[in-house]
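Each chain is listed here by its residues.
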Amino acid sequence: MKLDYDVKYGLEGVAVAISSISCVDGVKGELVYRGFKIEDLVENSNFEETAYLIWFGNLPNENELDFITSMLSKKRELPENIIYMMENFPKNAHPMEVLRSIVSILGMYSNNDNSTLEDAINLTAKIPTIIAYWYRIKNNLDLIHPRDDLKHSENFLYMLFGEIPEKSELFDKSLILHMEQGMNASTFAATVTASTLSDVYSIITTAIGTLKGPLHGGANERVLNMLDEIKTKEKVENYLNSLISRNKKIMGFGHRIYKTYDPRALILKKWLSNMNEKVKYFDIAVKVEEEVLKRFESKKIYPNVDFYSGILYNYFKIPKEFFTTIFAMARIVGWTAHAMEYCKNNRIFRPRTIYNGPKNLDYKKVKEVERNG
Ligand code: SDX
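Here the structure is a predicted model, which means the values were calculated and not measured.

Positive phi outside glycine occurs at Asn 140, with the angle close to 55°. Structurally, Asn 140 can be placed in the loop between helix 6 (116-138) and helix 7 (152-161). Despite not being glycine, Lys 167 has its phi angle at roughly 60°, a positive value.

With that settled, consider the pairing of strand 2 (residues 30-33). Pairing between strand 1 (residues 22-25) and strand 2: four bridges, direction antiparallel. What sits directly across from Asp 25, in strand 2, is Glu 30. Connecting strand 1 to the next strand, strand 2, in antiparallel fashion are four residues, including Gly 29 with a positive phi near 70°. Relative to strand 3 (residues 36-37), strand 2 runs antiparallel, the two being bridged by two bridges. Pairing of Val 32 across the sheet is with Lys 37, part of strand 3.

Before going further, it helps to examine the site of the ligand. Close contacts around the ligand come from 21 residues, with His 255, Arg 256, Arg 264, Lys 299 and Arg 331 the closest. A distance of 3.0 Å is found between a nitrogen atom of the ligand and a backbone nitrogen or oxygen belonging to Leu 215. At 3.0 Å from an oxygen atom of the ligand is found a side-chain nitrogen or oxygen belonging to His 216. A total of 1000 Å² of accessible area belongs to the ligand in isolation, and the protein chains cover 74% of it.

Right, let's get into the domain arrangement of the protein chain. When cut into domains, the protein chain gives domain 1 (21-217 + 321-344) and domain 2 (219-315). A straight line from the C-alpha centre of domain 1 to that of domain 2 covers 25 Å. Taken together, the 29 residues of domain 1 in the interface contact 27 residues of domain 2. In this assembly, domain 1 packs against domain 2 so that about 2200 Å² is buried in total across both faces, 66% of it on carbon and sulfur atoms. Where domain 1 packs against domain 2, one counts one salt bridge.

Take the nonpolar core next. Formed by 110 residues in total, the largest nonpolar core has its most connected members in Met 86, Phe 171, Ile 204, Leu 227, Val 288, Ile 311 and Ile 318. Composition of this core by domain shows at least three residues from each of domain 1 (21-217 + 321-344) and domain 2 (219-315). Dropping the residues within four chain positions of it, Met 86 is found in contact with Leu 78, Val 98, Ile 102, Ile 130, Tyr 133, Trp 134 and Ile 137.

With that settled, consider the side chain of Thr 336. Inspection of the secondary structure puts Thr 336 in helix 16 (residues 323-344). Owing to a relative accessible area of 2%, Thr 336 belongs among the buried residues under this scheme. A distance of 2.7 Å separates a polar side-chain atom of Thr 336 from the backbone oxygen of Ile 332. If sequence neighbours within four positions are ignored, Thr 336 has contacts with Trp 55, Ala 120, Val 200 and Ile 204.

This next bit is on the packing of helix 5 (residues 95-106) against helix 16. Orientation of helix 5 relative to helix 16, taken along the N-to-C sense of each, is 35°, at an axis distance of 8 Å. Between helix 5 and helix 16, the residues in contact are Pro 95, Met 96 and Leu 99 and Thr 324, Thr 325 and Ala 328, respectively. For the contact of helix 5 with helix 16, the residue count by class is four nonpolar, two polar and no charged.

What follows deals with the pattern of salt bridges. Per the counting criterion, the structure on display carries 13 salt bridges. In this structure, Lys 28 and Asp 25 form a salt bridge, with 4.0 Å as the shortest nitrogen-oxygen distance. The class for Lys 28 is exposed, based on a relative accessible area of 59%. The structure contains a network of salt bridges with shared partners spanning Lys 287, Glu 290, Glu 291, Lys 294 and Arg 295.

Scoring rules and cut-offs
Residues numbered from 1 in each chain as written. Predicted model: local features only at pLDDT ≥ 70, side-chain atom pairs only at ≥ 80, totals over all residues. Heavy atoms only, no water. Helix = DSSP H or I, 4+ residues; strand = E, 2+ residues; numbered from the N terminus. Pairing = 2+ DSSP bridges. Near = heavy atom within 4 Å. Polar contact = N/O pair within 3.5 Å; in protein donor to acceptor, adjacent residues only side chain to side chain. Areas by Shrake-Rupley, 256 points an atom, 1.4 Å probe, with all protein chains shown as cover. Domains from an automatic or database assignment. Contact = heavy atoms within 4.5 Å. Buried area = accessible area lost by both parts, 1.4 Å probe. Salt bridge = Lys/Arg side-chain N within 4 Å of Asp/Glu carboxyl O. Core = buried A, V, L, I, M, F, W, Y, C linked by side-chain atoms within 4.5 Å. Buried < 20%, exposed > 50% of the residue type's maximum accessible area, 1.4 Å probe, protein only. Axes fitted to C-alpha atoms, helices over the stretch in contact; angles between N-to-C directions. Nonpolar A, V, L, I, M, F, W, Y, C, P; charged D, E, K, R; others polar.

The following block contains the structure:
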């Protein structure tokens, strides 16, 4: 059938906006935030500084960094009755379901006069608290309330475990890696919601729901499940052959844009190999990568950020069902930055479909309709 429009499934290769927030070069395997290479930012920056860069477009000076650090540290606590609600959630609720629900409820407590940026900072500050509180409630532990004298990522680890683990700077840097990635599925969903001039809480609720899917954010949790099932390096080949023979996607591999190494995966792999101690799962993961590349290099399928991120989070004793919420606590910066940028020259998203259903049918009363099938 001749189509008068060609359908781009998944909008593959379609640019829906012009943006100066990040550049994802899938051929060279490069990621740049506002002109700065991701490698330079993880080497020299921290969460607060890179969040400022992504939101405002330039690296902050000392006063500006103090401003954003103080704004984020002051807005961490949750309203009492939200904590009460969380304490009455079913304990088996997935952390992403809790995060999606509480972000939505927080919208009822926001001052409608807030600017998008104020609400973005408010949510960025509160999302780590929602995650940490759920971890404590789910495990029948007393809450550890936020401290405003700690940096964003240190405070999160403190609220989880009551202390700041060694090498916590690697956790902070992993948040930088996850902050922004152009028009990925959850950022696109956020931008579509923003294009209707909806509020930040609705925008982020949309994004979290989109990120929850296993083809997007939920992959790093499934990578650890896969590594648990494989158990030893010797079993990697048979396990992969079985997956491939059943046409199953291998979690943590492949990417719509990166047709070479995902630079974030390379950085995570380097950190894990330089740990000066045995890191659980890392040896098997390297073997899986080796075997997948042998089988898929022609299809340009390489490890993506999710393949190694879970191994690092497991090193910090973060339970795997919380991995995708960690992705969300970083990506909220990219989601809100794109929402604000797109709305500067807003145009509501309204693509089309090609109709291939029946036409010119005569109406039948229900009694005249033959039983189907
Ligand atoms: C993230 O967009 C982003 O930037 C996302 C992200 C971000 O920071 O926001 O980078 C985060 O989502 C990382 C991806 C995490 N998801 C996974 O690891 C799940 C496994 N990966 C796949 O589902 C897949 O690679 C996607 C979804 C990530 C990308 O899918 P595409 O671009 O639609 O690729 P495709 O399905 O068209 O694959 C092309 C070919 C297919 O084979 P053929 O039909 O051509 O024979 O490659 C195969 C696919 O079957 N393929 C895989 C594979 N990924 C692609 N085969 C086995 N295992 C895989 N993981």
